[in-house]
Amino acid sequence: WRMPSEVFFASDFGKKFGDLFQYVDFHNSNANRFLQIVGVRTEPSPSELAVELSIKNTAETYVSRVGYSSYLQLLRYIAVEWDRVDRKAKSNFGKSKCFLG
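Residues numbered from 1 in each chain as written. Predicted model: local features only at pLDDT ≥ 70, side-chain atom pairs only at ≥ 80, totals over all residues. Heavy atoms only, no water.

Draft legend 1. Fine view of the overall build of the protein chain. In terms of regular secondary structure, the protein chain is built from six helices and two strands. Of all 101 residues assigned to the protein chain, the portion counted as buried reaches 35%. In the protein chain, of all internal contacts separated by at least 6 residues, the share reaching a separation of at least 24 is 63%. Accessible surface, the protein chain as shown: approximately 6500 Å² in total, 53% of it carbon and sulfur. (Helix = DSSP H or I, 4+ residues; strand = E, 2+ residues; numbered from the N terminus. Buried < 20%, exposed > 50% of the residue type's maximum accessible area, 1.4 Å probe, protein only. Contact = heavy atoms within 4.5 Å. Areas by Shrake-Rupley, 256 points an atom, 1.4 Å probe, with all protein chains shown as cover.)

Put into structure tokens, the structure is as follows:
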């Protein structure tokens, strides 16, 4: 069971990082519209991605789940969107074991 704010619509974004979050798509416009009204979004925010990587697991865990190339894409996405990452997520991200090496 997940809160609607923790679930995202299946999309190109979800195809890249599908193992990191829960995705849904009922292929029914009424059902998807309802899900959108209750809080399901198209993709996680850069802050949510940074938190997911920094607090919950390490780089090795995610590399094993999504692959090296997808993991690097995710890190690049966070870097490009760094201005949209909130202060607390930035602090946690900087101290985490989410970097490869």
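Draft legend 2. Representation of the packing of helix α4 (residues 59-66) against helix α5 (residues 68-80) within the structure. Across the interface, α4 lies against α5 with an axial gap of 7 Å and an inter-helix angle of 120°. Classified by the angle between their axes, α4 and α5 sit oblique to one another. Residues A59, Y62, V63 and V66 of α4 pack against Y68, S70 and Y71 of α5. Its residues placed into classes, the contact of α4 with α5 shows six nonpolar, one polar and no charged. (Axes fitted to C-alpha atoms, helices over the stretch in contact; angles between N-to-C directions. Parallel < 35°, antiparallel > 145°, perpendicular 65-115°, else oblique. Nonpolar A, V, L, I, M, F, W, Y, C, P; charged D, E, K, R; others polar.)

Draft legend 3. Broad picture of the environment of V80. With respect to the helices and strands, the residue V80 is situated in helix α5. For the pair formed by V80 and P46, sequence separation is 34 residues and the distance between their alpha carbons is 9.3 Å.

Draft legend 4. Region of interest: the pattern of salt bridges. In the structure shown here, the tally under the stated rule is two salt bridges. The salt bridge involving E48 is made with R41; its shortest N-O contact spans 2.7 Å. Residue classification places E48 among the partly exposed residues on the basis of a relative accessible area of 28%. A salt bridge links E81 to R84; the nearest nitrogen and oxygen atoms lie 3.0 Å apart. Note on R84: relative accessible area 52%, which makes it exposed. (Salt bridge = Lys/Arg side-chain N within 4 Å of Asp/Glu carboxyl O.)

Draft legend 5. Main features of the nonpolar core. Core analysis: the largest hydrophobic core is formed by 19 residues, its most contacted members being L53, Y71, I78 and F93. Mapped by element, the contributors of at least two residues to this core are α3 (46-56), α4, α5 and α6 (87-95). In terms of residue count, the dominant contributor to this core is α5 (five residues). The contacts of F93, once residues within four sequence positions are left out, are A50, L53, S54, L75, I78, W82, C98 and F99. (Core = buried A, V, L, I, M, F, W, Y, C linked by side-chain atoms within 4.5 Å.)

Draft legend 6. Examining the side chain of S47 more closely. Along the chain, the position of S47 falls in helix α3. Judged by its relative accessible area of 10%, S47 falls in the buried class. In terms of polar contacts, S47 uses its side chain to reach the backbone carbonyl oxygen of R84, at 3.4 Å. Residues in contact with S47, not counting those within four places in the same chain, are R84, V85, D86 and A89. (Polar contact = N/O pair within 3.5 Å; in protein donor to acceptor, adjacent residues only side chain to side chain.)

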